[in-house]
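As a plain string of letters, each chain reads:
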Amino acid sequence: MVRHDILQLLAAHPEEFVSGERISQQLNVTRAAIWKQIKALKEEGFEIEGQTKNGYRLLKMSLSLNEWALQQTLSTTSLGRTIYLEDELSSTNIRAKELARRGGVHGLTVLARYQSGGQGRLQRQWESPRGGLWMSVVLRPDLSLADASKLTLATSVAIVDALKELFQLRIGIKWPNDLVYNGQKLAGILGEVVGEWNTVQTLILGMGINANFPRGCLSEPLNATTLYEILGYKVDLNSLAAVILKYLEKELISLEGRAFERLRLSWLERADGLGEEVRILRGEQVFQGIFKGITIDGALLLETEDGEKSFSAGEVQLRSKIRKYF
Ligand code: BT5
């Protein structure tokens with residue numbers, strides 16, 4: 001793609017001007033075509049200075065999603081090595097499922113700058129304005145279906161670690177897999193199995209992170225926050241995606257090595273509300289007790305007056321007695 005070739009050339013000479021003539025010769029494109037591509041890059045958020053006499057120089061990379069920039073920052077072996085980036089999609093999970101059914105490789109990553117029909121769990125909606133990180137990864141891991149749910153636990157851990165590395169933020173995990181900051185939801189995860197797990201073991205891991213937009217872009221009743229709200233500045237979405245994929249790959253390798261207990265402990269270290277008195281809602285039923293931890297499969301362990309009970313995600317909701325956000 002010419003646009004990426006131009007970027008490549010400019011990025012190879014940071015702070016220096018590269019003449020239009022040189023770009024034109026090296027890439028075999030007209031000066032008019034270069035001008036058009038530079039204009040498009042500026043619109044994408046790249047800061048490029050153009051001088052009639054000297055040519056062009058790259059001053060700042062774009063903070064918004066860009067395939068070339070993401071590839072530059074990736075440090076993984078398989079995750080994100082094939083990227084589908086669209087400006088707008090109904091849902092990256094839906095697109096990832098389609099691509100997986102058509103033979104999409106392990107690690108294939110779908111991203112959209114905006115989702116018109118973002119999905120949460122259990123048919124819930126996920127609001128996905130521009131500026132967020134909406135990303136789904138196709139995985140064909142060496143794991144049995146029974147162990148698939150552990151991948152959503154692993155994804156929570158990976159996102160927490162990425163936000164810590166990049167912004168020194170301490171994000172908590174609210175069981176089963178909400179990522180919260182000061183009690184407000186910053187990110188969510190949607191794991192889905194594709195087709196017959198027994199024949200093609202394929203899973204889609206969707207991640208939604210409220211990043212570069214103010215809280216006001218989300219509807220009023222949501223108890224949500226965004227990185228922009230927390231940090232006060234916009235972050236580089238390409239590095240954010242790359243670092244999350246780095247940690248996710250690390251967790252995946254460890255899971256494939258059957259380090260299940262290690263994952264359980266990593267999850268617990270990052271969990272919110274442990275040891276607190278909580279309520280579990282299952283339809284009309286309410287269970288009360290102390291949130292003791294999780295099982296190896298991620299089921300919540302509740303110490304009640306009638307002994308210990310376990311609850312798996314999907315069928316129940318967790319509420320805190322002392323924190324209003326739970
Ligand atoms: C989730 O569901 O938290 C999973 C969200 C996964 C979204 C990603 S984005 C990329 C990929 N493509 C998709 O289509 N989906 C994935 P759940 O635990 O069911 O939470 C959904 C609930 O969170 C909603 O019912 C709202 O109450 C709330 N919510 C919706 N949008 C939100 C947002 N942007 N930030 C915080 N809370 C939100």
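What you see is a predicted model; the values in this text were computed from it and never measured. (Residues numbered from 1 in each chain as written. Predicted model: local features only at pLDDT ≥ 70, side-chain atom pairs only at ≥ 80, totals over all residues. Heavy atoms only, no water.)

**What to know about the overall build of the protein**
Then step 1. Across its full length, the protein holds 10 helices and 14 strands.
Then step 2. Projected onto its principal axes, the C-alpha coordinates of the protein cover approximately 80 × 45 × 30 Å.
Then step 3. Taken over 326 residues, the protein has a buried fraction of 51%.
Then step 4. A separation threshold of at least 6 residues defines the contact pool for the protein, and within that pool the share at least 24 residues apart is 62%.
Then step 5. Carbon together with sulfur atoms contributes 47% to the accessible area of the protein, which is approximately 15400 Å² in total.
Then step 6. Both charge centroids of the protein, one from 40 positive and one from 39 negative side chains, sit 3 Å from each other. (Helix = DSSP H or I, 4+ residues; strand = E, 2+ residues; numbered from the N terminus. Buried < 20%, exposed > 50% of the residue type's maximum accessible area, 1.4 Å probe, protein only. Contact = heavy atoms within 4.5 Å. Areas by Shrake-Rupley, 256 points an atom, 1.4 Å probe, with all protein chains shown as cover. Lys, Arg positive; Asp, Glu negative; His and termini not counted. Charge placed at Lys NZ, Arg CZ, Asp CG, Glu CD.)

**Regarding the pattern of salt bridges**
Then step 1. Scanning the entire structure with this criterion turns up 17 salt bridges.
Then step 2. As a salt-bridge pair, Glu165 and Lys246 come within 2.8 Å of each other at their nearest N and O atoms. Taken together, the residues span a long stretch of sequence, with Glu165 in helix α7 (residues 150-167) and Lys246 in helix α9 (residues 237-256) at a distance of 81 residues.
Then step 3. Using a relative accessible area of 35% as the deciding quantity, one classes Glu165 as partly exposed.
Then step 4. With its nearest N and O atoms 3.5 Å apart, the salt bridge here joins Glu269 to Arg270.
Then step 5. Glu269 sits in the exposed class, given a relative accessible area of 61%.
Then step 6. A network of salt bridges, in which partner residues are shared, links Arg3, Glu44, Asp87, Arg113 and Arg130. (Salt bridge = Lys/Arg side-chain N within 4 Å of Asp/Glu carboxyl O.)

**Thoughts on the site of the ligand**
Then step 1. Near the ligand lie 26 residues; those nearest to it are Ser91, Gln119, Arg124, Lys185 and Asn210.
Then step 2. Here an oxygen atom of the ligand and a backbone polar atom of Gln119 are 2.7 Å apart.
Then step 3. Lys185 has a polar side-chain atom sitting 2.8 Å from an oxygen atom of the ligand.
Then step 4. Here the ligand, which alone exposes 790 Å², has 91% of that area covered by the protein.
Then step 5. Secondary-structure elements contributing two or more residues to the shell around the ligand are α5 (92-101), β5 (133-139), β8 (184-194) and β9 (202-209).
Then step 6. Top element by residues in the shell around the ligand is β8. It accounts for 4 residues. (Near = heavy atom within 4 Å. Polar contact = N/O pair within 3.5 Å; in protein donor to acceptor, adjacent residues only side chain to side chain.)

**Considerations on the environment of Gln51**
Then step 1. Mapped onto the secondary structure, Gln51 falls in strand β1 (residues 47-51).
Then step 2. Along the chain, Gln51 and Ser219 lie 168 residues apart, while their C-alpha atoms are 44 Å from each other.
Then step 3. Separated by 2.9 Å, the side chains of Gln51 and Glu49 make a polar contact.

**So, helix α1 (residues 2-11)**
Then step 1. Of the residues making up α1, those classed as buried are His4, Ile6, Leu7, Leu9 and Leu10.
Then step 2. Buried residues along α1 sit in contact with α2 (20-27), α3 (31-44), β1, β2 (55-60) and α4 (67-73).

**Some points on the packing of α9 against helix α10 (residues 260-269)**
Then step 1. As a packed pair, α9 and α10 sit with axes 8 Å apart at the nearest point and diverge in direction by 140 degrees. Classed by the angle they form, the pair α9 and α10 counts as oblique. Residues Glu251, Ser254 and Leu255 of α9 touch α10, and the partners they reach there are Phe260, Arg262 and Leu263.
Then step 2. When its residues are assigned to classes, the contact of α9 with α10 shows 3 nonpolar, 1 polar and 2 charged. (Axes fitted to C-alpha atoms, helices over the stretch in contact; angles between N-to-C directions. Parallel < 35°, antiparallel > 145°, perpendicular 65-115°, else oblique. Nonpolar A, V, L, I, M, F, W, Y, C, P; charged D, E, K, R; others polar.)

**Quick look at the domain arrangement of the protein**
Then step 1. Assigned domains within the protein: domain 1 (2-60), domain 2 (67-270) and domain 3 (277-320).
Then step 2. The C-alpha-based centres of domain 1 and domain 3 are spaced at 57 Å. (Domains from an automatic or database assignment.)

**Remarks on the nonpolar core**
Then step 1. In this structure, Leu133, Leu227, Leu240, Ile244 and Trp267 are the most contacted members of the largest nonpolar core, which totals 63 residues.
Then step 2. Top element by residues in this core is α9. It accounts for 11 residues.
Then step 3. When we break this core down by domain, the ones giving at least three residues each are domain 2 (67-270) and domain 3 (277-320).
Then step 4. Sequence-distant contacts of Ile244, that is, excluding residues within four places in its chain, are made with Leu133, Met135, Ala158, Ile159, Ala162, Met207 and Ile209. (Core = buried A, V, L, I, M, F, W, Y, C linked by side-chain atoms within 4.5 Å.)

**What to know about unusual backbone geometry**
Then step 1. Here Trp175 and Pro176 are connected by a cis peptide whose omega angle stands at 0 degrees.
Then step 2. With respect to the helices, strands and loops of the structure, Pro176 is situated in the loop between β6 (172-174) and β7 (178-181).

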